[in-house]
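Architecture at a glance
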Amino acid sequence: MEGTNPVNKKLAAALSGGAVLVLAVSGCSSSDNGNEKLDAWAKQVCDAVQPQAKKIEAANAAIQKETSDNSAPKDVQATDARAFQDMSDAYKAIGAAVQRAGAPNVDGGEKKQRDAVTELNALSAKYAALKKQVDALNTSDQGKFADGLKGIATDLDKLSKSGSDALKNLEEGDVGKAMSKQESCKSASAPAAPSAAQS
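**Let's talk about the packing of aromatic side chains**
Aromatic ring pairs are reported here in terms of the distance separating the ring centres and the angle at which the planes meet. As enumerated under the stated definition, the model contains two aromatic pairs in all. Centroid distance Tyr-91 to Tyr-127: 5.5 Å. Interplanar angle 10 degrees. Geometry classified as stacked. A residue pair is termed long-range when its members are at least 10 positions apart, and Tyr-91 in helix α3 (residues 73-101) and Tyr-127 in helix α4 (residues 109-135) qualify at 36 residues. Classification of Tyr-91 as buried rests on a relative accessible area of 0%. According to the relative accessible area criterion, Tyr-127 is buried, its value standing at 0%.

This is the structure we're talking about:
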């Protein structure tokens, strides 16, 4: 079994960095100069995000568990592929939720919404691509499998560091305040995974 475990750990570290891209709502206290339209928008988005955030968290946990167990390559492959597919589906669903909610009732809301949806769909596509890479790994050759996982860990690390600028932009100012008031956003953002270990 030698060879996979350190790489698996690298994969887990990279993944925990990537999985926290889900609407990391700032817990800032909100000024209650009530914007009912914005509050309604925030509730709609937060309620849709919560189950997807849980899905991403569960996928992250599955990879972490598989990597810590020093599992057989076939098991690691199956778990990772399923996890990446779940993440891809979750980001796509979050993008659809933001699209459905319409533009938030703030200055530049339409652009913020459009950019965030584009970014979420791009994340979904990137995780789908990682799933394909995992599916294509050679599980019968330990060395090749470890090398393949290393490549995936590197891609994942890049993905976790790559921009979620549009999401951050969406959550700035009044939108962030409105979201931070929603119970479902609080619970969606509370269990943030540890950030990727610097290698």
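Moving on from the model shown.
**Points about the state of the cysteines**
One covalent bond between the sulfur atoms of two cysteine residues makes up a disulfide. Here the structure, examined in full by the defined rule, presents one disulfide. Two residues, Cys-46 and Cys-185, share a disulfide whose sulfurs are 1.9 Å apart. Its S-S torsion of about -85 degrees marks the bond between Cys-46 and Cys-185 as left-handed, since a negative value means left-handed. Of the two residues, Cys-46 sits in helix α2 (residues 36-68) while Cys-185 sits in helix α8 (residues 183-189), which places them 139 residues apart along the sequence. Among the residues examined, Cys-46 registers a relative accessible area of 0% and is labelled buried.

About the thresholds
- Residues numbered from 1 in each chain as written.
- Predicted model: local features only at pLDDT ≥ 70, side-chain atom pairs only at ≥ 80, totals over all residues.
- Heavy atoms only, no water.
- Phe/Tyr/Trp six-rings, centres within 6.5 Å; stacked < 30°, edge-to-face > 60°.
- Helix = DSSP H or I, 4+ residues; strand = E, 2+ residues; numbered from the N terminus.
- Buried < 20%, exposed > 50% of the residue type's maximum accessible area, 1.4 Å probe, protein only.
- Disulfide = S-S within 2.5 Å.

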